[in-house]
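The residues making up each chain are set out below.
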Amino acid sequence: MSRKYVVGVDLGGTKIATGLGNMEGDLLAVRIIPTQASLGVDGVIERIHSTIYDVLEEAGADIDELYGIGICSPGPVNPKTGMIALAPNLGWENVPLVQLIAKEFPVPVFLENDANAAALGELWFGAGRGVENLLYITVSTGIGGGIVLGGKIYRGRNFMAGEIGHAIFDANSPVQCGCGQYGCIETLASGTAIARIARERIQSGEESMIRSMVDNLDEVDVRIIAQAEEKGDKLAKDVLDNAVRTLGLFIASLLNILDVDRVIIGGGVSKLGSRLFDGINDVIVKNMADIPAKNTPIVPSQTGDNVGILGAIGLVFESIGYSRVG
Ligand code: BMX
Ligand code: ZN
């Protein structure tokens with residue numbers, strides 16, 4: 001039987017999203033189910049297996065027709081050993097994920113960090129088509145990054161390259177990050193951080209219409225802050241201005257280091273659209289030295305909700321040296 005399909009699995013703390021794609025990157029079947037992390041490693045692995053069987057069946061595909069299975073998940077992973085070192089959202093430590101999947105499906109299985117995989121997804125199927133070198137940034141719960149150089153993920157000596165969320169941006173910050181350090185960019189400009197900062201300012205007595213837009217301040221998120229800004233709320237504007245400035249300065253620094261062809265931003269916060277992208281461009285133009293890198297296109301992700309699945313599929317493409325699509 002000829003091999004013509006690839007499976008991509010996006011494993012997250014809340015959902016497992018699995019897709020079956022062809023070599024053009026068309027998704028022929030997608031299955032999304034809750035992770036149910038409380039089931040433990042064996043239970044979750046079984047759920048991953050069932051989604052793979054489901055997409056194979058839906059597309060009428062056979063295991064023998066698979067080039068391989070790609071899997072991505074947040075946090076540091078070891079693509080060489082196929083181990084998930086630490087996945088706080090799943091409560092996992094040192095799980096041999098690749099081995100556990102390959103036991104059920106005897107095809108090559110590849111594991112990668114979510115943002116690295118997303119960078120590959122953009123390179124193959126999204127906003128990165130046509131370039132060789134790109135930086136992908138996801139601004140969501142945390143801030144993650146993926147660096148593609150010469151059409152391949154740059155993984156680094158310890159597979160930690162691209163963990164940009166834990167770059168320290170404010171050495172004097174009193175805010176401790178989940179990683180233990182203080183002042184990581186993730187604690188200043190991720191979706192979670194933006195919401196926290198707005199909430200804290202309101203709690204400390206600053207005026208804002210956000211107060212009346214939610215029943216409970218825990219509900220404050222970036223979408224609500226953006227709505228408040230549109231209605232003229234000063235605090236919302238200030239919070240977003242600060243986040244955009246921080247992200248702009250951070251990206252300027254990354255461009256100084258990497259000088260890539262394109263920067264692609266995804267994740268929930270990228271849904272701010274031109275408010276974010278125009279703002280970041282403005283900060284870069286005003287603050288970066290007068291070098292060509294300041295004109296690097298900063299563009300939104302194009303892979304949409306299937307970013308993880310497409311990224312995981314891109315991982316298999318990368319490994320088999322398949323020539324670039326489109
Ligand atoms: C964190 C880190 C990255 C991840 C990024 C975005 C963990 C669990 N995660 O910096 O590996 O790429 O968040 O993750 O260490 P997301 O959950 O916000 O998409
Ligand atoms: Zn950190």
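Refer to the structure printed above.
All values derive from a computational prediction rather than experimental measurement. Residue numbers restart at each chain and count upward from 1, following the sequence in its written direction. Naming scheme: in the order in which they are written, chains are lettered from A and ligands are numbered from 1. For a predicted model such as this one, the threshold for reporting local features is a pLDDT of at least 70, and the threshold for listing and counting side-chain atom pairs is 80 or more; totals across whole chains, interfaces and linings nevertheless cover every residue. Computation of side-chain values covers all heavy atoms of the structure but excludes hydrogens and water.

Participant: Can you help me understand the overall build of the protein in this one?
Facilitator: Helix numbers and strand numbers start at the N terminus; a helix is a DSSP run of H or I with at least 4 residues, a strand a run of E with at least 2. Check the secondary structure of the protein and you find ten helices and 13 strands. Radius of gyration here uses only the C-alpha atoms, and the compact-globule reference equals 2.2 Å multiplied by the residue count raised to the power 0.38. Over its C-alpha trace the protein gives a radius of gyration of 20 Å, about what one expects of a compact globule, namely 20 Å for 326 residues. Each principal axis of the C-alpha distribution contributes one length, and for the protein these read about 65 × 45 × 35 Å. Sorting the 326 residues of the protein into buried and exposed places 51% on the buried side. When the accessible area of the protein is evaluated, it comes to approximately 14,700 Å², of which 49% is carbon and sulfur surface. Positive: Lys, Arg. Negative: Asp, Glu. His and the chain ends are not part of the count. A charge is said to be at NZ when it belongs to Lys, at CZ for Arg, at CG for Asp and at CD for Glu. Charged side chains in the protein number 26 positive and 39 negative. The centres of these two groups are separated by 4 Å. Buried, partly exposed and exposed residues are distinguished by accessible area as a fraction of the type maximum, computed with a 1.4 Å probe on protein chains only: under 20%, between the cut-offs, and over 50%, respectively. Method for areas: the Shrake-Rupley scheme with a 1.4 Å probe, in which residue coverage is limited to the protein chains shown.

Participant: Honestly, the site of ligand 1 in this entry has me stumped. Any pointers?
Facilitator: Note on terminology: near, applied to a residue and a molecule or strand, indicates that one of the residue's heavy atoms is within 4 Å of it. As a structural note, the neighbourhood of ligand 1 is formed by 14 residues, with Asp114, Ser140, Gly142, Glu163 and Glu186 the closest of them. Contacts to ligand 1 include glycine 75, whose backbone N or O atom sits 3.0 Å from an oxygen atom. Within 3.5 Å is the distance limit for a polar contact, defined as a pair of N or O atoms, with the added protein rule that one can donate a hydrogen and the other accept it, and that residues adjacent in sequence qualify only through two side-chain atoms. Take serine 140: an N or O atom from its side chain is 2.7 Å from an oxygen atom of ligand 1. For ligand 1, the accessible surface in isolation is 450 Å², of which the surrounding protein chains cover 82%. Sorting the residues of the shell around ligand 1 by element identifies α3 (114-125) and β10 (143-149) as the ones contributing at least two each. All amino acids are sorted into three groups, where Ala, Val, Leu, Ile, Met, Phe, Trp, Tyr, Cys and Pro are nonpolar, Asp, Glu, Lys and Arg are charged, and the leftover types, Gly among them, are polar. Taken together, the residues of the shell around ligand 1 break down into four nonpolar, seven polar and three charged.

Participant: Which parts of the structure should I look at to understand the pattern of salt bridges?
Facilitator: Pairs can form between side chains of opposite charge once their charged atoms are near each other. Any carboxyl oxygen of Asp or Glu within 4 Å of a side-chain nitrogen of Lys or Arg constitutes a salt bridge here. Using the criterion set out here, one finds twelve salt bridges in the structure. Ionic pairing is found between arginine 155 and glutamate 112, a salt bridge with its closest N-O pair at 2.6 Å. Of this pair, arginine 155 sits in the loop between β11 (152-153) and α4 (186-189) while glutamate 112 sits in strand β8 (residues 109-113), placing them 43 residues apart in sequence. The exposure class of glutamate 112 is buried, given its relative accessible area of 2%. Its salt-bridge partner being aspartate 290, residue lysine 294 comes within 4.0 Å of it at the nearest N-O pair.

Participant: Mind showing me how you'd approach the packing of aromatic side chains here?
Facilitator: How two aromatic rings sit relative to each other is set out by the distance from centre to centre and by the angle between their planes. Stacked, tilted and edge-to-face are the three classes assigned to paired rings of Phe, Tyr and Trp, where Trp is represented by its six-membered ring and a pair needs centres within 6.5 Å; plane angles under 30 degrees give stacked, over 60 edge-to-face, the rest tilted. Across all of its chains, the model carries five aromatic pairs by this definition. Between the aromatic rings of tryptophan 124 and phenylalanine 125, the centroid separation amounts to 6.5 Å while the plane-to-plane angle is 40°, which identifies the pairing as tilted. For tryptophan 124, a relative accessible area of 4% translates into the label buried. Between phenylalanine 169 and phenylalanine 250, the ring centres sit 6.2 Å apart and the planes meet at 85°, which makes this aromatic pair edge-to-face.

Participant: Would you mind showing me how to read the coordination of the zinc ion (ligand 2) here?
Facilitator: Metal coordination angles have textbook ideals: 109.5 degrees for a tetrahedral set of four donors and 90 or 180 degrees for an octahedral set of six. Here a donor is an N, O or S atom found within 2.8 Å of the metal, or within 3.2 Å if the metal is Na, K or Ca; sites may look incomplete because water is not among the atoms. For the zinc ion (ligand 2), the full set of protein donor atoms is His166 (ND1), Cys177 (SG), Cys179 (SG) and Cys184 (SG), at a range of 2.1 to 2.4 Å. The coordination sphere of the zinc ion (ligand 2) comprises four donor atoms, whose angles at the metal cover 103 to 126°; the geometry is tetrahedral. Sequence positions of the donors to the zinc ion (ligand 2) reduce to the motif H-x10-C-x1-C-x4-C. Residue cysteine 184 is classed as buried on the basis of its relative accessible area, which comes to 0%. Geometry assignment treats four donors as tetrahedral when all angles are between 85 and 135 degrees, treats four as square planar and six as octahedral when opposite donors are over 155 degrees apart and all others between 65 and 115, and treats everything else as irregular.

Participant: Would you take a moment to explain the packing of helix α7 (residues 222-230) against helix α8 (residues 234-258) for this structure?
Facilitator: What describes two packed helices is the angle between their axes and the distance between those same axes. It is at 7 Å that the axes of α7 and α8 come closest, and there the two elements cross at 120°. In terms of axis orientation, α7 runs oblique to α8. The two elements α7 and α8 meet at a crossing, and its hand is left-handed. Across from Ile225, Ala226, Ala228 and Glu229 in α7, the residues of α8 making contact are Ala236, Lys237 and Leu240. For the contact of α7 with α8, the class distribution of residues is five nonpolar, no polar and two charged. Lines are fitted to the C-alpha atoms to define the axes, a helix being fitted only along its stretch in contact, and any angle between axes, read from their N-to-C directions, falls within 0 to 180 degrees. Should an angle fall under 35 degrees it is called roughly parallel, over 145 degrees roughly antiparallel, and 65 to 115 degrees roughly perpendicular, with every other angle called oblique. In this scheme, a crossing is called left-handed if the near helix is turned counterclockwise away from the far one by less than a right angle; it is called right-handed if the turn is clockwise. By definition, residues are in contact when any of their heavy atoms lie within 4.5 Å.

Participant: Would you mind showing me how to read the sheet that holds β10 here?
Facilitator: Whether parallel or antiparallel, the strands of a sheet pair through hydrogen bonds between backbone atoms. The strand order β11-β10-β9-β12-β13 describes an open sheet built from five strands, whose pairing is mixed. The sheet terminates laterally at β11 and β13 (298-300), the two strands that pair on one side only. Here β10 pairs with β11 via two bridges, running antiparallel. In the sheet register, valine 148 faces β11, and the bridge partner there is isoleucine 153. Taken strand by strand, α8 contacts β9 (134-139), β10, β12 (262-266) and β13, and its axis lies near 155° from that of β9. Two strands pair if DSSP finds at least two bridges between them.

Participant: Looking at this structure, I do not really get the packing of α3 against helix α10 (residues 307-320). What am I missing?
Facilitator: Where α3 meets α10, the closest approach of the two axes is 7 Å, and the angle between their N-to-C directions is 80°. By the angle between their axes, α3 is roughly perpendicular relative to α10. Residues Ala117, Ala118, Leu120, Gly121, Glu122, Trp124 and Phe125 of α3 touch α10, and the partners they reach there are Val307, Leu310, Gly311, Ala312, Ile313, Gly314, Leu315, Phe317 and Glu318.

Participant: Would you mind going over α7 with me for this structure?
Facilitator: Where α7 is concerned, the buried positions are Val222, Ile224, Ile225, Ala226, Ala228 and Glu229. Check the buried side of α7 and you find it contacts α5 (191-203), α6 (210-213), α8 and α9 (274-287). Looking one or two residues beyond α7, the residue adopting positive phi is glycine 232, at roughly 100°.

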